[in-house]
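Next come the chains, spelled out residue by residue.
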Amino acid sequence: MKGLFTILLLVVSNIFMTFAWYGHLKLQQMKLIDNWPLIAVILFSWGIALAEYSCQVPANRIGFTDNGGPFNLVQLKVIQEVISLTVFSVFTVLLFKGESFHWNHIAAFVCLILAVYFVFMK
């Protein structure tokens, strides 16, 4: 159960992270914050990042083996990276219509899946 809870928190964390890092670009495209000074955009993104950290830190604490979780540190990091790129891909396809994926992007995802396989291999 800790493993599932860890992964769910990592997914939520990465949704917030993606919006904090890239959401302002979409808001700028939509002309909602196109006149904001950079410092305002940074503070806005930091506010979103606070929500990200509020999920990321507990996910790592709950999931880490030294705290009774099922994942070692390397496994946690690889899981987080795969989730991060998956969330980013969905975000990009849904919100940025001009962006598209090509064969090399798919090949990179296959490599990530292999990374997960290898990191969990005994």
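Here's what I pulled together on the structure shown here. Counting of residues starts from 1 at the beginning of each chain's written sequence and follows it residue by residue. The model is predicted, so local features are restricted to residues of pLDDT at least 70 and side-chain atom pairs to those at 80 or more, both for listing and for counting; the totals for chains, interfaces and linings are taken over all residues. Side-chain metrics in this entry use all non-hydrogen atoms of the structure; hydrogen atoms and water are not considered.

## Notes on helix α3 (residues 73-95)
Look at α3: 32 Å from first C-alpha to last across 23 residues, which is about the 33 Å you get at 1.5 Å a residue. Per-residue accessibility, obtained with a 1.4 Å probe over protein chains only, is compared with the maximum for each type, and a residue is labelled buried under 20%, exposed over 50%, and partly exposed between these values. Secondary structure elements are taken from DSSP: a helix is a run of H or I of four residues or more, a strand is a run of E of two residues or more, and numbering for both begins at the N terminus. All of the buried residues along α3 are Gln-75, Leu-76, Val-78, Ile-79, Gln-80, Ile-83, Ser-84, Val-87, Ser-89, Phe-91 and Thr-92. Buried residues along α3 sit in contact with α1 (2-29), α2 (38-63) and α4 (103-120). Think of a polar contact as two N or O atoms within 3.5 Å of one another; within protein, one of them needs to be a possible hydrogen donor and the other a possible acceptor, and neighboring residues in sequence only count if both atoms come from side chains. Capping of α3 at its N-terminal end is provided by Asn-72; its side-chain oxygen lies 3.0 Å from the backbone amide nitrogen of Val-74. Helix span, as expected, comes to 1.5 Å for every residue beyond the first. By definition, residues are in contact when any of their heavy atoms lie within 4.5 Å.

## Re unusual backbone geometry
A positive phi angle is found at Lys-31, which is not glycine, with a value near 65°. Looking at the secondary structure, you find Lys-31 in the loop between α1 and α2.

## Overview of the side chain of His-24
Turning to its location among the elements, His-24 is positioned in helix α1. Classification of His-24 as buried rests on a relative accessible area of 19%.

## Regarding a nonpolar patch on the surface
On the surface, a nonpolar cluster with roughly 620 Å² of combined accessible area is contributed by Ile-106, Val-110, Leu-114, Tyr-117, Phe-118 and Met-121. Positionally, Leu-114 belongs in helix α4. By relative accessible area, Leu-114 is classed as partly exposed at 41%. Grouping into patches uses exposed residues only, defined as over 30% relative accessible area, and leaves out salt-bridged ones; the cut-off is 9 Å for like charges and 5 Å for nonpolar side chains (Val, Leu, Ile, Met, Phe, Trp, Tyr). In short, Shrake-Rupley with a 1.4 Å probe defines the accessible areas, and a residue's cover is counted only from the protein chains shown. Throughout this description, the term salt bridge denotes a Lys or Arg side-chain nitrogen within 4 Å of a carboxyl oxygen of Asp or Glu.

## Focus: the pattern of salt bridges
Opposite charge on two side chains permits pairing when their charged atoms draw close. Considering all chains together, one arrives at one salt bridge under this definition. Linking Glu-81 and Lys-77 is a salt bridge whose minimum nitrogen-to-oxygen distance equals 2.7 Å. Of this pair, Glu-81 and Lys-77 both sit in helix α3, four residues apart, which is roughly one turn of the helix. On the basis of relative accessible area, Lys-77 is assigned to the partly exposed category, the value being 46%.

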